[in-house]
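Listed here are the chains, written in short residue letters.
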Amino acid sequence: MKTVFTPLFFLLLGMQVHAQTMTDGLLLPKKVLCTGLAYGHDSWNEYWEGGLKRTNGNIGTVTTQSVGLEGAYGLDDKVNILYGLPYVWTQASAGTLAGQSDFQDLTLALKYLALDQAIGTSAIRLHALLAGSFPITDYTPDFLPMSIGMGSKNLSLRGIFSLDLKHGFYTDLSAAYIWRSNVEIDRTSYFYDGKLINSNQVDIANRSDFHLAVGYRNDKLQANIFYNPSFTLGGDDIRRQDMPFVANNLDMQRVGALCRYHFTRNFTGWEINASASYVVAGRNVGQSTAFMLGLFYAFAI
Amino acid sequence: MKNIFLLLALASFNFFACQEEISVTEQLPHFQAVAKDENAGDWTPILPITVYLIAPDDVQSVAYQAELASIKQMQANLTVEQREIIKFWDGGGSLRWNQILRELVAKNNLPPAPNADNTYPAPDANNPFNYPIFPFANPPYTCRSFSYFCAAQYEALQKAWHFKFLYNRASPAMNDSGIEALMGNTNLPSYPSEEGVMASVAEKALKLLFPADSAKIYQYATDQRNAAIWSGKASPSDVAAGNSIGNAVCAEFISRAKTDGMKTAGGNPTLWQALADSSIAKGQIPWTSLESPARPPMLPFYGGIKCWFMTSDQMFAVRPAPPYPTNSPEMAAQVAEVKKYAKEITRERLAIVHKWADGVGTYTPPGHWNDIAAEYLIDAAWSEVRTARALAYLNIAIHDAGVACWETKFYYFNPRPTNMDAEIKTSTGIPNFPAYTSGHSTFSAAGANVLGYLFPTQAAYFDNEALQASNSRLYGGIHYRQDCVEGLEHGKRVSNFTIDFAKADGAN
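Rules of the game
- Residue positions are counted from 1 within each chain, in the order its sequence is given.
- The lettering of chains begins at A and the numbering of ligands begins at 1, in the order of writing.
- It should be noted that, the model being predicted, local features are given only for residues of pLDDT at least 70 and side-chain atom pairs only at 80 or more, the latter also being counted only at that level, while totals for whole chains, interfaces and linings use all residues.
- Numbered from the N terminus, helices here are DSSP runs of H or I no shorter than four residues, and strands are runs of E no shorter than two.
- The globule rule used for comparison is 2.2 Å times the number of residues to the exponent 0.38, while the radius of gyration itself is calculated over C-alpha atoms.
- To sort residues by exposure, count the other C-beta atoms lying within 10 Å of each residue's C-beta; 20 or more gives buried, 12 or fewer gives exposed, and values between give partly exposed, all with C-beta atoms placed from the backbone.
- Throughout, a residue-residue contact means that the two C-beta atoms, derived from backbone geometry, are no farther apart than 7 Å.
- Note on residue categories: nonpolar means Ala, Val, Leu, Ile, Met, Phe, Trp, Tyr, Cys or Pro, charged means Asp, Glu, Lys or Arg, and polar means any other residue, Gly included.
- Each axis is a line fitted through C-alpha atoms, and for a helix only the stretch in contact is used; angles between axes span 0 to 180 degrees, taken between their N-to-C directions.
- For this classification, under 35 degrees means roughly parallel, over 145 means roughly antiparallel, 65 to 115 means roughly perpendicular, and everything else is oblique.
- Throughout, a crossing is termed right-handed when the near helix is turned clockwise from the far one, and left-handed when it is turned anticlockwise from it by less than a right angle.
- The span expected for a helix works out to 1.5 Å for each residue beyond the first.
- A set of buried residues drawn from Ala, Val, Leu, Ile, Met, Phe, Trp, Tyr and Cys, joined through C-beta atoms within 7 Å, is what defines a nonpolar core.
- Here, any two strands with at least 2 DSSP bridges between them count as paired.
- Each residue carries a pLDDT score, the predictor's own confidence in it, on a scale running from 0 to 100.

Peer 1: Would you take a moment to explain the overall build of chain B for this structure?
Peer 2: A tally of helices and strands in chain B yields 19 helices and 0 strands. Taken over C-alpha atoms, the radius of gyration comes to 25 Å for chain B, in line with the 23 Å a tight globule of 508 residues would show. Principal-axis analysis of the C-alpha atoms gives chain B an extent of 80 × 80 × 50 Å. Out of the 508 residues in chain B, the part that is buried amounts to 54%. Contacts spanning at least 24 positions in sequence make up 85% of the contacts within chain B whose residues lie at least 6 apart.

So this is what it looks like as structure tokens:
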């Protein structure tokens, strides 16, 4: 199987996997289903409070773990449907705040091959990806950094450009815009961007997400290094010694490496994949190190 | 497959259709007060203050006619922005300032971050812009601020009402048919102007309480005075008279504040240690800070500051009985109950915990009860002076409850549940002061008691909200049941002093 999410908790304070990088330029063939489980581990003990990097003795190291059911299915040779649903749990190594756990957001996406052009021994492809996600439980997004997600319904559109060279070297470059719905919280007022808002509705800004991967792939093996900057297009800073808030301006630049191995030469059979990544720069996010390990099985139906 | 695209397209349509417009503040609509309260000048004052105000110029005088002419000219040239300012202040100054004060609290309610050497810096009133910004508007600071602010507003409006009906000079809009009434309540005598009174009290009091926000406060006060003039509700001389009343009354409250004991409420390391030592000497496990690094207790001698309607002897007389000894089986049962609630928290209880958390970066429980009160006061459409009276009593009761609660907390120095059992994890932050009794419970019972007195048909609702606020602390794992139960009772006892005063003040 050639398409999996990389459920990077690109999320800082345990944000959702919604934009899980459905970022590669690959598709499953018609009537093939690839599905499996992915385990994610994301932790940080330093975070940016606005632009100020700091530790906090009242939380120590914040760890977010998840097990997600993920998969993709070839509707036809040009369109795949993708899905993902993680169970997420958080904990802090210091202080007294209680960890949270629950099923988080269901993501459904359609990936469409818009262009497939051979140029000599190379190939260029363009994919469009339309994804939606929404919380399937009533978890609270208003207990950051312990919350398991941001609680918004999201809709994103991503364009993916791929270039595959003769010997298996390739690059995938993609950009996405993510619309985010208002979030409902349990209190009737909150302070945001210098103002007291008397409402339980929080208008959270949309996001953008970019992904550049460079690596090697063939029928069995794929390995890449990637750069994944993502930005909130608005939002305010965490104030000095304040708690983080769902409407903060979350920016982060993550770098990492991914490796995936498919045990057979055709599309069916077992596959494992693993990735590791690190936040090199950010704002209002934890400087997290994340690992992901997935085991998948693909078969024709 | 086409169907799936259609489905997604429909889903996305629905997604955007669901977006609601968020209204930023509670709306304060144009209103006409249900009564003028002509005799408000005779209501019993909170502090015995005497102010004087010379009689206004006659309405036929050249000076006053010139004022009217200038108002007419201003009204002919009102900009959209000026009309917005009029609208902003038309819903009642007491309520608008109350909203502004809640925002100032939320903005300033941030504890100082620790220094590199694990000590904590203290905010400095003389250097308010330097980090840590002054003030740290924690609950005690906030309830004191609200009480002074609202009491001074009320008292100054009372004096204004006295002179309004003594001199009986009608508003510009009533005196001159060429002047439009662009605000409500222009049927009141306008000398002195209540907007001038409120703007001056606010400016003077809030500059001391929130000095780093002086510029914003000055702008609001200027707008409020201008709104009164532009709207035909008051002339410049009405506003000037209001300013002089506001300034004179506020000065008296400020001199009380300077000697009320707040200056020494923070204590010092020797006194902090003495609190722990005395608890140990009584054979008790003392409270210790659960923050890392350990933070000095929040205003441990706030319990010594002067109350409004209660002497210290009266306060000691209504102090709750001691909590269970820390080594008693009863205490072990209290700890076990908290642990059970903390572990078995449901989504419904978590929502209650967060509804009432009112922690760092919020307007605190005192602000929350003002928020609750505002809705009822908007609907009541009382005169400005009667609304101010309600807010004054509400905040005086909450303040006195806060002082009595802090006195109790540091008298017993009872540990938090997590001090007793480190495995207790909490659904909200643990406040940095002893457990017994619960501040939320005490504040809330006082607030609910006064609101129930003011709006008797809603009393059961307010009591229920107070009970929920109280329980939220047990659900969240940060208070024992005894803290909550005793706190509610204590808040009620303390606020009865305020209600007794209100019953006899002549306003009923």
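Peer 1: Explanation requested: the interface of chain B and chain A in the structure shown.
Peer 2: A common way to state how big an interface is: give the accessible area lost once the parts meet. Contacts between the two partners involve 44 residues from chain B and, on the opposite side, 36 residues from chain A. Looking at the side of chain B that touches chain A, the elements with two or more residues in it are α1 (2-17), α4 (93-108) and α13 (347-355) of chain B. Here the residues of the side of chain B that touches chain A sort into 23 nonpolar, 11 polar and 10 charged.

Peer 1: Please explain the packing of helix α15 (residues 384-412) of chain B against helix α19 (residues 481-503) of chain B as it appears in this structure.
Peer 2: Packed helices, taken two at a time, are described by the angle between their axes plus the distance between the axes. All names here are of chain B. Between α15 and α19, whose axes approach to 9 Å, the crossing angle comes to 140°. By the criterion of interaxial angle, the relationship of α15 to α19 is oblique. When you trace α15 past α19, the crossing you get is right-handed. Contacts from Y393, I396, A397, D400, A401, A404, C405 and T408 of α15 reach α19 at G487, H490, G491, V494, S495, F497, T498 and A502. Classifying every residue of the contact of α15 with α19 by side-chain character gives 9 nonpolar, 6 polar and 1 charged.

Peer 1: Just to check I follow, could you spell out α4(B) for this structure?
Peer 2: Note that an α-helix has 3.6 residues per turn; residues three or four places apart therefore point the same way. A rise of 1.5 Å per residue sets the reference length of α4(B), with its 16 residues, at 22 Å; its end C-alpha atoms lie 22 Å apart and thus fit the reference within 8%. Counting buried residues in α4(B) gives 16 out of 16 residues, a clear majority hidden from the surface.

Peer 1: I'm lost on the nonpolar core in this one. Help?
Peer 2: Within soluble globular proteins, side chains that are nonpolar generally end up buried alongside one another. All names here are of chain B. Counting residues in each nonpolar core, the largest one holds 145 residues, and the members touching the most others are A151, A152 and L394. In terms of residues, this core owes the most to one element, α15, which gives 17 residues. Leaving out residues up to four positions away in the same chain, L394 has contacts with W369, N370, A373, G447, V450 and L451. W89, I179, M183 and W230 belong to the second largest nonpolar core, which has 14 residues in total.

Peer 1: Would you take a moment to explain the environment of T64(A) for this structure?
Peer 2: Residue and element names in this part refer to chain A. Examined against the element boundaries, T64 turns out to sit in strand β4 (residues 62-74). Overall, T64 belongs to the buried group, with 29 C-beta atoms counted inside 10 Å. In the structure, T64 is positioned 27 residues away from Q91 in sequence and 6.7 Å away in space, judged by C-alpha atoms.

Peer 1: How should the environment of T107(A) be read in this particular structure?
Peer 2: Looking at where T107(A) falls in the secondary structure, it is placed in strand β7 (residues 105-119). A C-alpha to C-alpha distance of 13 Å links T107(A) and Y87(A), two positions 20 residues apart in sequence.

Peer 1: Can you help me understand the packing of helix α18 (residues 459-475) of chain B against α19(B) in this one?
Peer 2: Residues and elements named next belong to chain B. At a closest axis distance of 8 Å, the pairing of α18 and α19 adopts a crossing angle of 155°. Between α18 and α19, the crossing angle belongs to the class labelled roughly antiparallel. For α18 against α19, the interelement crossing comes out right-handed. Touching A466, L467, S470, N471, R473 and L474 of α18 are R481, C484, G487 and L488, all from α19. Here the residues of the contact of α18 with α19 are counted per class, giving 5 nonpolar, 3 polar and 2 charged.

Peer 1: Sorry, what's going on with the pairing of strand β19 (residues 289-300) of chain A here?
Peer 2: Moving residue by residue along a regular strand, the side chains alternate between the two faces of the sheet. All names here are of chain A. Looking at chain direction, strand β1 (residues 32-44) and β19 are connected through 12 bridges and run antiparallel. For S43, the partnering residue across the bridge sits in β19 and is T289. Where strand β18 (residues 269-283) meets β19, 10 bridges bridge the pair, whose relative direction is antiparallel. Looking at the pairing, Y278 lines up with T289 of β19. Counting the residues that bridge the hairpin from β18 to β19 gives 5 residues, and of these N284 lies at a positive phi of roughly 60°.

Peer 1: Explain helix α7 (residues 194-209) of chain B here, please?
Peer 2: Its 16 residues place the ends of α7(B) 22 Å apart at the C-alpha level, agreeing with the 22 Å of an ideal helix rising 1.5 Å per residue. The buried fraction of α7(B) is high, at 14 of 16 residues.

Peer 1: Sorry if this is basic, but what is going on with the confidence of the model for chain A here?
Peer 2: In regions of low pLDDT, the predicted coordinates are not meant to be interpreted in detail. The predicted model of chain A has a mean per-residue pLDDT of 91, with 93% of residues at 70 or higher. Under a pLDDT of 50 for its full length, residues 1-21 of chain A has, in the predicted model, 104 contacts with residues more than four places off or in other chains.

Peer 1: It is not clear to me how unusual backbone geometry should be interpreted in this structure. Could you clarify?
Peer 2: Glycine aside, residues mostly have negative phi, and peptide bonds are mostly found in the trans state. Each neighbour pair has its own omega, and for L144(A) with P145(A) the value is 5°, a cis peptide bond. When you line up the elements, P145(A) lands in the loop between β8 (122-135) and β9 (154-164). Cis geometry marks the peptide bond from Y436(B) to T437(B), where omega comes out at -5°. Inspection of the secondary structure puts T437(B) in the loop between α16 (417-420) and α17 (439-454). With a phi close to 55°, D193(A) is a non-glycine residue in the positive phi region. Inspection of the secondary structure assignment puts D193(A) in the loop between β12 (190-192) and β13 (195-197). The phi torsion at T364(B) lies on the positive side, around 70°, for a residue other than glycine. Looking at where T364(B) falls in the secondary structure, it is placed in helix α14 (residues 364-380). For T364(B), a count of 28 C-beta atoms within 10 Å gives the class buried.

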